[in-house]
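One letter stands for each residue in the lines below.
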6 protein chains.
Amino acid sequence: MNGRFIPVSKASLDICDIGFVSDVVVTEMVRTFRHAPFRLEDHVARFYRSCRYARLECPIHPEEMAAVSLDVLKRNSSLIATDEDLGLVIFMTPGISGLYAGTGGPQSASTPTLCIHTFPLQLHYWADYYRDGAHVVVPSIRHIPPQCLDPKIKCRSRMHFWLAKEEAQLVDPKAVALCLDLDGNVTETPGSNFLIARNGVVISPSSHNILPGISMATVRDIAHDTGVGFEERDIQVYDVMNADEAFLASTPYCLAPVSRINGVRIGNGAACGPIFTRIIDRWSEMVGLDIVGQVLRVKSGAALSDN
Amino acid sequence: MNGRFIPVSKASLDICDIGFVSDVVVTEMVRTFRHAPFRLEDHVARFYRSCRYARLECPIHPEEMAAVSLDVLKRNSSLIATDEDLGLVIFMTPGISGLYAGTGGPQSASTPTLCIHTFPLQLHYWADYYRDGAHVVVPSIRHIPPQCLDPKIKCRSRMHFWLAKEEAQLVDPKAVALCLDLDGNVTETPGSNFLIARNGVVISPSSHNILPGISMATVRDIAHDTGVGFEERDIQVYDVMNADEAFLASTPYCLAPVSRINGVRIGNGAACGPIFTRIIDRWSEMVGLDIVGQVLRVKSGAALSDN
Amino acid sequence: MNGRFIPVSKASLDICDIGFVSDVVVTEMVRTFRHAPFRLEDHVARFYRSCRYARLECPIHPEEMAAVSLDVLKRNSSLIATDEDLGLVIFMTPGISGLYAGTGGPQSASTPTLCIHTFPLQLHYWADYYRDGAHVVVPSIRHIPPQCLDPKIKCRSRMHFWLAKEEAQLVDPKAVALCLDLDGNVTETPGSNFLIARNGVVISPSSHNILPGISMATVRDIAHDTGVGFEERDIQVYDVMNADEAFLASTPYCLAPVSRINGVRIGNGAACGPIFTRIIDRWSEMVGLDIVGQVLRVKSGAALSDN
Amino acid sequence: MNGRFIPVSKASLDICDIGFVSDVVVTEMVRTFRHAPFRLEDHVARFYRSCRYARLECPIHPEEMAAVSLDVLKRNSSLIATDEDLGLVIFMTPGISGLYAGTGGPQSASTPTLCIHTFPLQLHYWADYYRDGAHVVVPSIRHIPPQCLDPKIKCRSRMHFWLAKEEAQLVDPKAVALCLDLDGNVTETPGSNFLIARNGVVISPSSHNILPGISMATVRDIAHDTGVGFEERDIQVYDVMNADEAFLASTPYCLAPVSRINGVRIGNGAACGPIFTRIIDRWSEMVGLDIVGQVLRVKSGAALSDN
Amino acid sequence: MNGRFIPVSKASLDICDIGFVSDVVVTEMVRTFRHAPFRLEDHVARFYRSCRYARLECPIHPEEMAAVSLDVLKRNSSLIATDEDLGLVIFMTPGISGLYAGTGGPQSASTPTLCIHTFPLQLHYWADYYRDGAHVVVPSIRHIPPQCLDPKIKCRSRMHFWLAKEEAQLVDPKAVALCLDLDGNVTETPGSNFLIARNGVVISPSSHNILPGISMATVRDIAHDTGVGFEERDIQVYDVMNADEAFLASTPYCLAPVSRINGVRIGNGAACGPIFTRIIDRWSEMVGLDIVGQVLRVKSGAALSDN
Amino acid sequence: MNGRFIPVSKASLDICDIGFVSDVVVTEMVRTFRHAPFRLEDHVARFYRSCRYARLECPIHPEEMAAVSLDVLKRNSSLIATDEDLGLVIFMTPGISGLYAGTGGPQSASTPTLCIHTFPLQLHYWADYYRDGAHVVVPSIRHIPPQCLDPKIKCRSRMHFWLAKEEAQLVDPKAVALCLDLDGNVTETPGSNFLIARNGVVISPSSHNILPGISMATVRDIAHDTGVGFEERDIQVYDVMNADEAFLASTPYCLAPVSRINGVRIGNGAACGPIFTRIIDRWSEMVGLDIVGQVLRVKSGAALSDN
């Protein structure tokens, strides 16, 4: 944090930090496979793109960011089991608010707060997705449009996602909110990109309305490699209801099947369809680890340790 | 903080708090006049309205919230000069993210984080407003619409306001961003309500798009008392350019004159017009303190102490 | 029907009628109190306004329409108990589709189909509203905007309301869908106007987006008579959550209390608040019948007859 | 109808059917060529997609639907001349409204009403299209957006199309309304998809705003087969005015040329351009019947029989 | 023109003037009654409001503008008959385009072009409005929204009004286009404000979308004086169709009755209703001239002089 | 002008011309390279497409238009140096307004005004673009949407562009305004198309919102020829900030590099990137003239002649 190594339990944010006072935070989350970070360079590059949009100048260069991240991972990997993995979080804020701290005017900031930290991935919490498929529910809350705040940057402005989630979970306590944009097009969920598959083609909502997810990019790359089509276009709830399969793509669990939208079964209702299987198998191969197996296995362990 | 009194310098937020991780924070800011809080009950009531919208259950009741606030103010008032005043901040978050803390699933939260703290108002930073009038600049960034996140709650989702401010300050480093809504109507600035006066009537943008500001409500009350009209309707940049006067209404400095929009003079370009004067004089009378004088006087002191 | 009296059980619509083939139907529903129709002239006048907008020429004049309606009511009133009441339905369509009937081109119609029929009001189905308050849920489906089809006409274009209802009932099988317009403002439910009360004032959503309901007009009239304020303006979900009371206004049950929106309690959560009581009492007085009592009493009867 | 065969002249709908009361109807129309249905499976598949979106569960399976349709066609084909063809209509509604029928609450329905019926295609009514080209006129009424009711389902919610048609026919009594969406993009007409051709490429409006027409799909297939390009993108009135050719695609008459928009000639103003001819010739070949000839010939017959 | 008096026949604009090259022109039109200008100060004040919005600095002061206008009127009044009247036009542009003139960069301008000229009002061209009522037709073209170019300034950006007029006149060669805004609300016509009357109240569309017309302001003033209500709110085509009366308000002919919209009769279809008569009579009284009589009489004269 | 040759210094427009009074003008600008017009046929074709949309009938045919243009160029080329070039402007208006000229009703026009004129290109005014790159700034003013006035026609309705430019130049007096559409997508600048390049692909905003620029079409053609990709899709400010290069494409200067948007450097901040160089070199080759050299060289000359 800000150039020093400290234990996470001691990592905290000044309550006058603009990252908290005005929610100005750019961030990234990377995960490891077998303790090695996945597409770290892509995450770092996106981080700097977010900074540029937010007009925050990062005090270190991308190369240094990657090196420090690797260092942080190395220090923390020894603390987890070999079959566990880490999430690595990078975040940066403009620093302390002069107004709140009594040191400056209402629009002044101190030096940026930059922090890189890790946490052990609790993958078992997503195990249900692989057993039953996730249930996405469309709330009445719409996603924030790019002319207010571009969803292509990875920031923490997620108060509307919180409302969306709360609303979706009125339908089903395990539901994941799937937000529409102001025109009624499907966008993304609070923590993942959303994809459908139809007639052997994976389809993503138009890129202008969503985070350019790195897990989604991985799906696209694998689709290309394995002869599955990949397209990007405006889709609506009708398309999801009548898709063959649907997925959530997100850093911690990579890719998860979606089996229902608003209570309606997608495809034949099976959790894991053939396109899902084709992609996750190839991905597992790439990273030398059974991705679904890791989620499901750790679950049992967790269940045991609960006793 | 969470039921204990600690010095502000030790007040910090867990970096896994959902208030920081996902920007879910409801908040209020109250100021004192002569060390007594102004319209504390109104702030507390709005806080509970915000909580209801955000589905956050506050662990204490409104009466207790008011009582604790008074207690916090009392403890801190002794630390400032008699002619200075305090800002009191209340904020609440859903608590620690289970995902980041490794203690729960992606949507779990712990007990809410509730904090009440104060800071000495650095009023001199606004002194220029009373000398030259503020300069508002309309950025290309639009305000977030109510169907995404209702601006009627006081939360900290202000990343778009940061972008708006950065953009406005390209025109003038002291400029205040005045955001339009998606239809091109004037809404508010990152830290204040915006009002115009024309033909003896104070006009506020429509209430559905803006924070129901308590300083603005005070202006309305004073307008009623002093025979000034007060209306609420959709206004556009044309109306601001052709207003007689324009104002910012905000808790710390109460009401400040605006003399320019996008570089164009409003009215005759004098900082403080007759409606402004009528309202601020009455307000000063109500609170037993020369509001403008306090801002301008403290300024000199600050300038001295800088040496 | 089309000038002849026939039993409802024999009343049917040609499947080639444009009222069914293309959903071109203007309609009204009137109810009786003690077998006398309530504000029949207002309903008839609105029917002719709807016809004008839909460019359907009604074959009879308003006076004749009212006279026939009274006649139909008289004939049917003898079939129900004295403490029961009737719903009277008027509808008109352009007539048979030439295309489907094989008698004309794709845009030809025969003479209009005009029908007036009655049905016994099954008021007990709304009894829960008076016990627990209705639960309104905001679906993701938005109300159709006036530039497509003006909600000010009473027609049967309610496919989107069906979808809205289905979606709302995923949250609660008894929920009533409360649709937002494309800008996120509250409009109406599939079968009723929606109103809130705050600080002694009844507030209706802006009239341009909703049916000019005759029950709502009655509420406005009674509000005027009894010293309750009545305003019309754009309201959002935040306003409903923070209202003191909320209501549904609809021909069959007149006015019903709403106690929850999206699972959140409105006011103190009691079904019938003071404004509701003041209005319904006056209304009951006007029509010489205990409106709530009729709903609740008949319920018991129905329950008995179910055995 | 609901499992029984009855003559069309006796087919009627209960006036309390939700398909009429609230316009909840999903439907399909298939036509025959030489008494054999065209792409029946595609129509049936789209019917089930519409049902899924509308949350109506069809009491029979797709295979049975196709089989019954064939049976209905066979029974009715004997009633028409060999050179005539049939239209087959499938529709389904949620059934009788409990409210109107006095048998249930306001949101209850009985068992679905399902009906399959035929009518002899009166193709001569479209003969003018092939002589002079159709005249499309853009009304001020906009098409309903997908976030209210997705135009991708085939339903009968066409009240706005009626208004659009009435408005368009103020310009020209034979005009066909061509609706724009809320953003000003061309969508479709009340009974057909709309296509343009420019530089040898057929262009369809974006698919998210229109019915996925089966005639249009046939055009796309034929375009692919015959070396004509086919694209899908947002088009505006400017593009139509400056197209080389324009078409209507619809089940009864397959494909018809459009020669004018808002009174402005498209291309050189000839009814049937080279792309039109190439496609309709191939289509005629596919179905073993001169499609245009059938329309024009029957016309003469009809003219005769008028005497 | 630019400070010199020249005959209108010699008044011309450089083809490199930015007023023509890029359509940057602010303007006003005033009319005389009995050779005296009507509300000249209001027109001049609006002219300076338009200039401020357009960031054009007028080289003379408002008082001088009024004085010169009176002078121009005086010089030209002698050229017309005593029972005729003049239109006076003021316009200003940024001056010659440096780019086109070869004297400067793409964004440079010379000194402003300011011109005041008159023309004899050919009032007889509007005589039909007083005989049959005007026919307004709603085109598919929408009015430009305030966030692009505020309709509250009087400028000459009327290309979209030209398209709207052309489209409306497909329905009726004498029709006047009545444009909707992007949300489907009624705004104004290419040359006049539009008003309706219902239940004794004159209603104007919301002011944020239309020119603040001085004839309309006169109607409002007269309404107040004569006990007619005057309101401002969003209205749609439904409201116009179901109004009692409707009007066009415009400088040359003051106020004209509207008898039809989209072919549908408004009220009882008579040209001049009671509210119209009450207002125009009072207006005629104010200016000492029979306004309608002047339009109708001059017509006959014009007819004669045609021989 | 209107069929006669006159010196530009004598070319002027009647102040009653509808092209000035109501801004109804369709236009084109062509430039020469070595005194030969570039893609004259494409400009003429676009001119006729604009006319068709505007319902203006050009009195001469396209072939004649091209021939006259060549003639005008020939006559004027002798007046400039051999290393200079000409801009040729075509414009057409509906002619004199009957209303203003006192010769007709409010909607009458005389014969069209058609004018073809030239001016010497003052290329040196753009020299800074090639030294430092242009600076684009996004104003709060949005581009006019196609449903009001289609930006695909080349007309002179640029009042909103004037406002946009004025606003952008508050940030930087040399800035070029880059307008967003109502949804926040990048469109174009007041005088040029805007393009970005990323990963070796040139990307244009979607074509429905912008002028189909002929310089942009040339870029596309050259991109195809030289192995650079070319795509068209909705882009936002984020995409521009994170592009590798960005360009303005416009008839006078062909293609110019953009180095900053809203003060943020694009790519590495160098004016001329590799894609720019590849395209401009090929273009220079095509026209036999060093395009950048011509701009920069003439600059020096101009600088000299300023002394």
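Residue indices follow the written sequence of each chain, beginning from 1 at its first position. The order in which chains are written sets their letters, starting at A; the order in which ligands are written sets their numbers, starting at 1. It should be noted that, the model being predicted, local features are given only for residues of pLDDT at least 70 and side-chain atom pairs only at 80 or more, the latter also being counted only at that level, while totals for whole chains, interfaces and linings use all residues. As a convention, hydrogens and water are excluded, and side-chain values are obtained from all of the structure's heavy atoms.

A.B. asks: Describe the overall build of chain A, listing the residues and the values that go with them.
C.D. replies: A tally of helices and strands in chain A yields ten helices and 14 strands. Against the 2.2 N^0.38 benchmark of 19 Å for 307 residues, chain A shows a C-alpha radius of gyration of 20 Å, consistent with a compact globule. Taking the principal axes of its C-alpha atoms as reference, chain A extends roughly 60 × 45 × 40 Å. Residues count as neighbours in contact if any of their non-hydrogen atoms are within 4.5 Å of one another. Counting contacts in chain A only where the partners sit at least 6 residues apart, residues at least 24 apart contribute 71% of the total. Carbon and sulfur atoms form 50% of the exposed surface of chain A, whose accessible area is close to 10500 Å². Once the 28 positive and 34 negative side-chain charges of chain A are each reduced to a mean point, those two points are 2 Å apart. For helices the rule is a DSSP run of H or I covering at least 4 residues; for strands it is a run of E covering at least 2, with both sets numbered from the N terminus onward. Here the globule rule reads 2.2 Å times residues to the power 0.38, and the radius of gyration is calculated from C-alpha atoms. Methods summary: accessible areas were calculated by the Shrake-Rupley approach with a probe of 1.4 Å, and residue burial reflects only the protein chains presented. Positive charge is attributed to Lys and Arg, negative charge to Asp and Glu, and no charge count is given to His or to the chain ends. Charge positions come from single atoms, namely NZ of Lys, CZ of Arg, CG of Asp or CD of Glu.

A.B. asks: Quick one: what's the story with the packing of helix 2 (residues 40-54) of chain D against helix 3 (residues 62-77) of chain D, residue by residue and with numbers?
C.D. replies: All names here are of chain D. Fitted lines through C-alpha atoms give the axes, limited to the stretch in contact for helices. The angle between two N-to-C directions lies from 0 to 180 degrees. The interhelical angle for the contact between helix 2 and helix 3, taken along N-to-C directions, is 130°, at an axis separation of 10 Å. Taken together, the axis directions place helix 2 and helix 3 in an arrangement best described as oblique. Taken as a pair, helix 2 and helix 3 cross one another with a handedness that is right-handed. Seen from helix 2, the contacting residues are Leu 40, Val 44, Phe 47 and Tyr 48; seen from helix 3, they are Pro 62, Met 65, Ala 66, Ser 69 and Leu 70. For this classification, under 35 degrees means roughly parallel, over 145 means roughly antiparallel, 65 to 115 means roughly perpendicular, and everything else is oblique. Crossings are classed by handedness, with left-handed meaning an anticlockwise turn of the near helix from the far one by less than a right angle and right-handed meaning a clockwise turn.

A.B. asks: Run through the interface of chain C and chain D, naming residues and quoting values.
C.D. replies: Contacts between the two partners involve 62 residues from chain C, matched on the other side by 61 residues from chain D. Here a salt bridge means any side-chain nitrogen of Lys or Arg lying within 4 Å of a carboxyl oxygen belonging to Asp or Glu. Where chain C packs against chain D, one counts zero salt bridges. Distance and chemistry together define a polar contact, namely a pair of N or O atoms within 3.5 Å, with one atom able to donate a hydrogen and the other to accept it when in protein, and with adjacent residues in sequence counting only for side-chain atoms on both sides. Put simply, chain C and chain D have nine residue pairs in polar contact (both at pLDDT 80 or more) between them. In terms of residue count, helix 6 (residues 159-168) of chain C provides more of the side of chain C that touches chain D than any other element does, six residues in total. Polarity classes work like this: nonpolar for Ala, Val, Leu, Ile, Met, Phe, Trp, Tyr, Cys and Pro, charged for Asp, Glu, Lys and Arg, and polar for all others, with Gly in that last group. Per-class residue counts for the side of chain C that touches chain D are 37 nonpolar, 17 polar and eight charged. Two strands are said to pair when DSSP picks up at least two bridges between them. Where strand 1 (residues 12-14) of chain C lies against strand 1 (residues 12-14) of chain D, three bridges are found, and the strand directions are antiparallel. When the bridges of strand 1 of chain D are listed, Asp 14 of chain C appears paired with Ser 12 of chain D.

A.B. asks: Explain the environment of Thr 113 of chain B residue by residue, including any values.
C.D. replies: Residues and elements named next belong to chain B. If you trace the backbone, Thr 113 turns up in strand 5 (residues 113-120). Placed 50 residues apart in sequence, Thr 113 and Leu 163 show a C-alpha to C-alpha distance of 28 Å. Only 2.6 Å separates the side chain of Thr 113 from the side chain of Asp 17, close enough to count as a polar contact.

A.B. asks: Run through the relation of the copies chain C and chain D, naming residues and quoting values.
C.D. replies: What relates the two chain copies is a rotation about an axis together with a slide along it. The superposition of copies rests on a least-squares fit of C-alpha positions from residues with pLDDT of 70 or more in both. Here chain C sits on chain D after a turn of 180° about the axis and a move of 0.0 Å along it, with an RMSD of 0.0 Å. Here the symmetry operator amounts to a two-fold rotation axis. Judged by C-alpha distance, Leu 13 of chain C is the residue of chain C that lies nearest the rotation axis, at 2.5 Å. Comparing contact sets, 98% of the residues at the interface of chain C also lie at the interface in chain D, consistent with an isologous, same-surface contact.

A.B. asks: Give me helix 6 (residues 159-168) of chain B: which residues, what numbers.
C.D. replies: The classification of residues rests on relative accessible area computed with a 1.4 Å probe and restricted to protein chains. Under 20% of the type maximum is buried, over 50% is exposed, and intermediate values are partly exposed. Most of helix 6 of chain B sits inside the fold, with ten of its ten residues counted as buried. Of the positions making up helix 6 of chain B, those classed as buried are Met 159, His 160, Phe 161, Trp 162, Leu 163, Ala 164, Lys 165, Glu 166, Glu 167 and Ala 168 of chain B. Here the buried face of helix 6 of chain B lies against helix 1 (18-21), strand 2 (26-33) and helix 2 (40-54) of chain A together with strand 6 (134-137), strand 7 (176-177) and strand 8 (188-189) of chain B.

A.B. asks: Any details on the sheet that holds strand 2 (residues 26-33) of chain B? Residues and values, ideally.
C.D. replies: The strands that make up a sheet are held in pairs by hydrogen bonds between backbone atoms, and each pair lies either parallel or antiparallel. Residues and elements named next belong to chain B. Ordered in space as 3-2-4-5, the four strands form an open sheet in which the pairing is antiparallel. Each edge of the open sheet is held by one strand with a lone partner, namely strand 3 (36-37) and strand 5. In the packing of helix 2 (residues 40-54) onto the sheet, the strands contacted are strand 2, strand 3, strand 4 (86-93) and strand 5, and the crossing angle to strand 2 comes to about 175°.

A.B. asks: I'd like a rundown of the pairing of strand 6 (residues 134-137) of chain C, residues and numbers included.
C.D. replies: Residues and elements named next belong to chain C. Residues Ala 134 and Val 136 line one face of strand 6 and the alternating positions His 135 and Val 137 line the opposite face, and both faces are buried. Of the strand pairs in this sheet, strand 6 and strand 13 (residues 254-261) are connected by three bridges, and their pairing is parallel. Directly across from Val 136, in strand 13, lies its bridge partner Ile 261. Of the strand pairs in this sheet, strand 6 and strand 7 (residues 176-177) are connected by two bridges, and their pairing is parallel. Looking across to strand 7, one finds that Val 136 is bridged to Val 176.

A.B. asks: Can you break down the interface of chain A and chain B residue by residue, with the values?
C.D. replies: Across the contact, 61 residues belong to chain A and 61 residues belong to chain B. For any pair of parts, buried area is found by adding up, for both, the accessible area (1.4 Å probe) each one loses once the two are put together. Between chain A and chain B the total buried area reaches about 5500 Å² when both faces are included, carbon and sulfur atoms providing 68% of it. Counting the contacts that link chain A with chain B gives zero salt bridges. Linking chain A with chain B are ten residue pairs in polar contact (both at pLDDT 80 or more), by the criterion used here. Residue assignment for the side of chain A that touches chain B shows that the elements contributing at least two residues are strand 1 (12-14), helix 1, strand 2, helix 2, strand 4 (86-93), helix 4 (98-101), strand 5 (113-120) and helix 6 (159-168) of chain A. Looking at the side of chain A that touches chain B, the element that brings in the most residues is helix 6 of chain A, giving six residues. Class assignment for the residues of the side of chain A that touches chain B results in 36 nonpolar, 17 polar and eight charged.

A.B. asks: Please set out the pattern of salt bridges residue by residue, giving values where relevant.
C.D. replies: Scanning all chains against the criterion turns up 90 salt bridges over all chains. The salt bridge involving Asp 172 of chain C is made with Arg 260 of chain C; its shortest N-O contact spans 3.7 Å. With Asp 172 of chain C in the loop between helix 6 and strand 7 and Arg 260 of chain C in strand 13, this pair connects stretches of sequence that are 88 residues apart. Close ionic contact of Glu 28 of chain F with Arg 46 of chain F constitutes a salt bridge, the shortest N to O distance being 2.8 Å. With Glu 28 of chain F in strand 2 (residues 26-33) and Arg 46 of chain F in helix 2 (residues 40-54), the pair connects residues that are 18 residues apart, well separated along the chain. Considered together, Glu 28 of chain F and Arg 46 of chain F belong to a single accessibility category, that of buried residues. A cluster of three or more residues bridged by salt bridges with shared partners is formed by Arg 39, Asp 42 and Asp 221 of chain A.

A.B. asks: Provide a residue-level description of unusual backbone geometry, including the pertinent values.
C.D. replies: Trans is the prevailing form of peptide bonds, just as negative phi is the prevailing case for residues other than glycine. A positive phi angle is found at Asp 23 of chain C, which is not glycine, with a value near 60°. Along the chain, the position of Asp 23 of chain C falls in the loop between helix 1 (18-21) and strand 2 (26-33). Positioned with a positive phi, Arg 55 of chain E is a non-glycine residue whose angle comes to about 60°. Take Arg 55 of chain E: it is sitting in the loop between helix 2 (40-54) and helix 3 (62-77).

A.B. asks: Could you give an account of the arrangement of the chains, with specific residues and numbers?
C.D. replies: Across all C-alpha pairs, the smallest distance from chain A to chain E is 14 Å, and the two are not in contact. These two, chain C and chain F, are apart from each other, with no contact and a minimum C-alpha gap of 14 Å.

A.B. asks: Which residues make up helix 2 of chain A, and what values do they have?
C.D. replies: For helix 2 of chain A, which comprises 15 residues, the first-to-last C-alpha distance of 21 Å matches the rise-based estimate of 21 Å (1.5 Å per residue) to within 8%. At the exit of helix 2 of chain A stands Arg 55 of chain A, carrying a positive phi of roughly 60°. Every helix has an expected span of 1.5 Å times one less than the residues it contains.

A.B. asks: Just give me the short version of the side chain of Asn 193 of chain C, but keep the residues and values in it.
C.D. replies: All names here are of chain C. On the secondary structure map, Asn 193 appears in strand 9 (residues 192-198). We classify Asn 193 as buried; its relative accessible area is 4%. A distance of 3.1 Å separates the side chain of Asn 193 from the backbone oxygen of Leu 211, its partner in a polar contact. Once residues lying within four places of it in the same chain are set aside, the contact partners of Asn 193 are Glu 188, Ile 210, Leu 211, Gly 213, Met 216, Phe 247, Leu 248 and Ala 249.

A.B. asks: Any details on the state of the cysteines? Residues and values, ideally.
C.D. replies: Residues and elements named next belong to chain A. Throughout, disulfides are identified as pairs of cysteine sulfur atoms within 2.5 Å of each other. Inspection of every chain in the model, using the stated rule, returns zero disulfides over all chains. Lacking any disulfide linkage, Cys 51 is separated from the closest cysteine sulfur, that of Cys 58, by 5.3 Å. Accessibility expressed as a relative area gives 2% for Cys 51, which makes it buried. Free cysteine Cys 155: the closest other cysteine sulfur is in Cys 51, separated by 12 Å. Since its relative accessible area comes to 9%, Cys 155 is described here as buried.

A.B. asks: Help me get a handle on the sheet that holds strand 2 of chain C, residues and values and all.
C.D. replies: Residues and elements named next belong to chain C. Read from one edge of the open sheet, four strands run 3-2-4-5, paired in antiparallel fashion. Edge positions in the open sheet fall to strand 3 (36-37) and strand 5 (113-120), since each of these has one partner strand only. Note: strand 2 against strand 4 (residues 86-93), six bridges, orientation antiparallel. From the neighbouring strand, Val 26 faces strand 4, where its bridge partner is Met 92. Along the sheet face, helix 2 (residues 40-54) touches strand 2, strand 3, strand 4 and strand 5 and points at about 175° away from the line of strand 2.

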